[in-house]
Amino acid sequence: MDAIKFVYTVPGDDFSAAGQASADLKSKLKTMGVDPKSLRNIAISLYEGEINLAIHAGGGQITVLVYPDKVQMFLDDEGPGIADIPLAMTEGYSGASDEVRSLGFGAGMGLPNMKKYTDEFDIQSTVGQGTHIKMAVYLKD
């Protein structure tokens, strides 16, 4: 079965724009009848991803595929990459600058929350080349 595809571009260092993709997707999925728990998990995980793209990667692209049984989200950037993924996955660890933290971001919960609120989570990163994240949330009946 063909998926419904949505593509979003997240600008770098523009925190006012970060969150627009997750809000737009949440609205669209709600009109499609996605159950509230799945909707919440998708919105949280995608929002965290958007913020990470803006803070750490200089922006990036999000591709969402909606199937009858799941929603897949792909986040791709050409940022600096992550040198130590296990460390980055540690709750409370953050590589955010003091400036970003002063804006209320960079608490070190982005990647852990992305994993926590999805049914599938995979992260691949190469220093100097970027990061690629694949997430999926299974839809409930």
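Here's what I pulled together on the structure shown here. (Residues numbered from 1 in each chain as written. Predicted model: local features only at pLDDT ≥ 70, side-chain atom pairs only at ≥ 80, totals over all residues. Heavy atoms only, no water.)

**A word on the environment of T31**
Inspection of the secondary structure assignment puts T31 in helix α1 (residues 20-31). Expressed as a C-alpha distance, the spacing of T31 and T9, which sit 22 residues apart in the sequence, is 22 Å. A distance of 2.7 Å separates a polar side-chain atom of T31 from the backbone oxygen of K28. (Helix = DSSP H or I, 4+ residues; strand = E, 2+ residues; numbered from the N terminus. Polar contact = N/O pair within 3.5 Å; in protein donor to acceptor, adjacent residues only side chain to side chain.)

**Considerations on the side chain of S125**
Mapped onto the fold, S125 is located in strand β4 (residues 120-126). A polar contact is formed between the side chain of S125 and the backbone nitrogen of I82, at a distance of 2.7 Å. A distance of 2.7 Å separates polar atoms of two side chains, one belonging to S125 and the other to T131. In this structure S125 touches G81, I82, I85, G130 and T131, once residues within four positions along its chain are discounted. (Contact = heavy atoms within 4.5 Å.)

**A look at the packing of aromatic side chains**
Inspection of the entire model under this criterion finds zero aromatic pairs. Taking NZ or CZ as reference, K70 lies 6.0 Å from the ring centre of Y67, over its face. (Phe/Tyr/Trp six-rings, centres within 6.5 Å; stacked < 30°, edge-to-face > 60°. Lys NZ or Arg CZ within 6 Å of the ring centre and 35° of its normal.)

**Considerations on the packing of α1 against helix α2 (residues 36-56)**
Working note: a packed helix pair is described by the angle between its axes plus the distance between those axes. Look at α1 against α2: their axes get within 8 Å of each other, and the N-to-C directions meet at 160°. One finds that α1 runs roughly antiparallel with respect to α2. Between α1 and α2 lies a crossing whose hand is right-handed. Touching Q20, A21, S22, L25, K26, L29 and K30 of α1 are L39, I42, A43, L46, Y47 and E50, all from α2. For the contact of α1 with α2, the residue count by class is eight nonpolar, two polar and three charged. (Axes fitted to C-alpha atoms, helices over the stretch in contact; angles between N-to-C directions. Parallel < 35°, antiparallel > 145°, perpendicular 65-115°, else oblique. Left-handed = near helix turned anticlockwise from the far one by under 90°. Nonpolar A, V, L, I, M, F, W, Y, C, P; charged D, E, K, R; others polar.)

**What about the pairing of strand β3 (residues 70-76)?**
Taken across its seven residues, β3 has five buried, putting it largely inside the fold. Connecting the antiparallel pair strand β2 (residues 59-66) and β3 is a turn made up of three residues. As paired strands, β3 and strand β5 (residues 130-138) are joined by seven bridges and run antiparallel to one another. Bridge pairing in β5 places M73 opposite M135. (Buried < 20%, exposed > 50% of the residue type's maximum accessible area, 1.4 Å probe, protein only. Pairing = 2+ DSSP bridges.)

**Focus on the pattern of salt bridges**
Evaluation of the coordinates by the stated rule reveals one salt bridge. Residue K28 pairs with D24 through a salt bridge whose shortest N-O separation is 2.9 Å. Placement of the pair is K28 and D24 together in helix α1, with a separation of four residues, close to one helical turn. What makes D24 partly exposed here is its relative accessible area of 28%. (Salt bridge = Lys/Arg side-chain N within 4 Å of Asp/Glu carboxyl O.)

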